[in-house]
Amino acid sequence: MTVRSNAGYGEHADALATGFEAVTFEDVHREVMPWFPAAPATVLDVGAGSGRDAAALARRGHRVLAVEPTAELRRIAQRLHAGDAIDWLDDHLPDLARVTGTFDLVLLSAVWMHLDATERASGLRRLAGLLAPGSSLIMSLRHGPVPAGRRMFEVTAEETAEVASRCGLRVIHSSERDDLRGRTDVWWSTLVLGAPS
């Protein structure tokens, strides 16, 4: 599926997947591990990329739906993690038109900055509607220069929290960290947004 938000990913899928897989699920999500639900839980991984996170969650006993709109990345992910119980879906934000049901956890790792302000507002409304009562949405926001050929926007944790509050979600964790791949001009914010019980 070709969408504006995944511009630049298909033609560089092999190199990107190698980079994604070079860091572990545990390292990427270290600060927010307490908010991952106990297994078995239903998990939606939006913008699943190489499948690193989806595979780690499936191995922990979760039922994982991995959404990835870039066909090249999705094929690589399905090959790399063929032995893991992951359901793959070609869909994208802000609509996620093919996703149904509710989830105990929704994960967006390095996705949010690809959406413009209008898409983020409608996307967060959609994501809030996919959360089971009392569940969490965990997202990471990339900050720094935009790589050539990509579509990215500067997005802050504060702006995201404000939009989340309008969707009935509350911030239960917010943190920042350096880039795990050693890029000195890139850093990350991580948010955990809680749905009402």
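These figures come from a predicted structure and were not determined experimentally. (Residues numbered from 1 in each chain as written. Predicted model: local features only at pLDDT ≥ 70, side-chain atom pairs only at ≥ 80, totals over all residues. Heavy atoms only, no water.)

Visitor: Is there a simple way to think about the nonpolar core in this case?
Guide: Generally speaking, nonpolar side chains in soluble globular proteins are found buried as a group. In terms of nonpolar packing, the biggest core is built from 33 residues, with Leu108, Trp112, Leu124, Leu127 and Leu137 touching the most fellow members. At the level of elements, β1 (42-46), β2 (63-67), β4 (103-109), α5 (117-129), β5 (131-143), α6 (157-166) and β7 (187-194) are the ones that each hand at least two residues to this core. Element by element, the count of residues in this core is highest for β5, at four residues. Apart from the residues within four sequence positions on either side, Leu137 is in contact with Val106, Leu108, Leu124, Leu127, Leu131, Leu169, Leu191, Val192 and Leu193. Val32, Ala54, Ala58 and Leu107 belong to the second largest nonpolar core, which has 19 residues in total. (Core = buried A, V, L, I, M, F, W, Y, C linked by side-chain atoms within 4.5 Å. Buried < 20%, exposed > 50% of the residue type's maximum accessible area, 1.4 Å probe, protein only. Helix = DSSP H or I, 4+ residues; strand = E, 2+ residues; numbered from the N terminus. Contact = heavy atoms within 4.5 Å.)

Visitor: Would you mind showing me how to read the pattern of salt bridges here?
Guide: Note that side chains of opposite charge can pair when their charged atoms are close. Taken as a whole and judged by the stated rule, the model has 10 salt bridges. Put simply, Arg59 and Asp84 hold a salt bridge, and the shortest N to O gap is 3.1 Å. With Arg59 in helix α3 (residues 52-59) and Asp84 in the loop between α4 (71-80) and β3 (86-89), the pair connects residues that are 25 residues apart, well separated along the chain. Judged by its relative accessible area of 56%, Arg59 falls in the exposed class. On the basis of relative accessibility, which here comes to 17%, the residue Asp84 falls in the buried class. (Salt bridge = Lys/Arg side-chain N within 4 Å of Asp/Glu carboxyl O.)

Visitor: For this particular structure, what's the right way to read the environment of Val64?
Guide: Within the secondary structure layout, Val64 lies in strand β2. Residue Val64 is classed as buried on the basis of its relative accessible area, which comes to 4%. Note: C-alpha distance between Val64 and Leu105 (41 residues apart in sequence) is 9.6 Å. Among all residues touching Val64, those that are not within four sequence positions of it are Val43, Ala54, Leu57, Ala58, Ala85, Ile86 and Asp87.

Visitor: Got a minute to help me understand α3 in this structure?
Guide: Every α-helical turn comprises 3.6 residues, leaving residues that sit three or four positions apart pointing alike. For α3, the tally of buried residues reaches seven of eight residues, placing the bulk of the element in the interior. Taken together, the buried positions of α3 are Arg52, Asp53, Ala54, Ala55, Ala56, Leu57 and Ala58. Check the buried side of α3 and you find it contacts α1 (13-21), α2 (25-28), β1, β2, β3 and β4. Downstream of α3 by a residue or two, Gly61 has a phi angle that is positive, lying close to 100°.

Visitor: Please explain empty space enclosed by the protein as it appears in this structure.
Guide: Rolled over the atoms, a probe sized like a water molecule indicates the empty space that remains. One pass over the full model with this rule turns up one cavity of 30 Å³ or more. The calculated volume of the largest cavity comes to roughly 60 Å³. Contributing to the lining of the largest cavity are Val28, His29, Val32, Leu107, Leu108, Ser109, Ile138, Met139, Ser140, Arg177 and Thr190. Secondary-structure elements contributing two or more residues to the lining of the largest cavity are β4 and β5. Counted by class, the lining of the largest cavity contains six nonpolar, four polar and one charged residues. (1 Å grid on protein atoms, 1.4 Å probe; cavity = no way out; pocket = protein on both sides within 12 Å on 5 of 7 lines; lining within 4 Å. Points joined across faces, edges and corners; volume = space filled by probe spheres on them. Nonpolar A, V, L, I, M, F, W, Y, C, P; charged D, E, K, R; others polar.)

Visitor: Help me out: how do you make sense of the side chain of Thr42 in this one?
Guide: Here Thr42 shows up in strand β1. With sequence-adjacent residues up to four places away left out, Thr42 is seen in contact with Arg63, Thr102, Phe103, Asp104 and Leu105.

Visitor: Would you mind going over the pairing of β2 with me for this structure?
Guide: For a regular strand, side-chain orientation follows a simple rule: the groups alternate between the two sheet faces. Buried residues dominate β2, accounting for four of its five residues. Here β1 pairs with β2 via five bridges, running parallel. Bridged to Leu44 within β2 is Leu65. Following the chain from β1 across α3 to the adjacent parallel β2, one finds a crossover that is right-handed. Pairing geometry for β2 and β3, over four bridges, is parallel. Across the sheet, Val64 pairs through a bridge with Ile86, a residue of β3. A crossover connection joins β2 to the parallel β3 through α4; in handedness this β-α-β unit is right-handed. (Pairing = 2+ DSSP bridges. Right-handed = clockwise from strand over helix to strand, strands pointing away.)

Visitor: Any chance you could explain the UniProt feature "domain: Methyltransferase" (unreviewed entry) in the protein here in plain terms?
Guide: As recorded in UniProt, the feature "domain: Methyltransferase" (unreviewed entry) lies at residues 43-134. With 34% helix and 26% strand, the stretch residues 43-134 has end C-alpha atoms that lie 14 Å from each other. (UniProt positions renumbered as here; feature names shortened; annotations may be inferred.)

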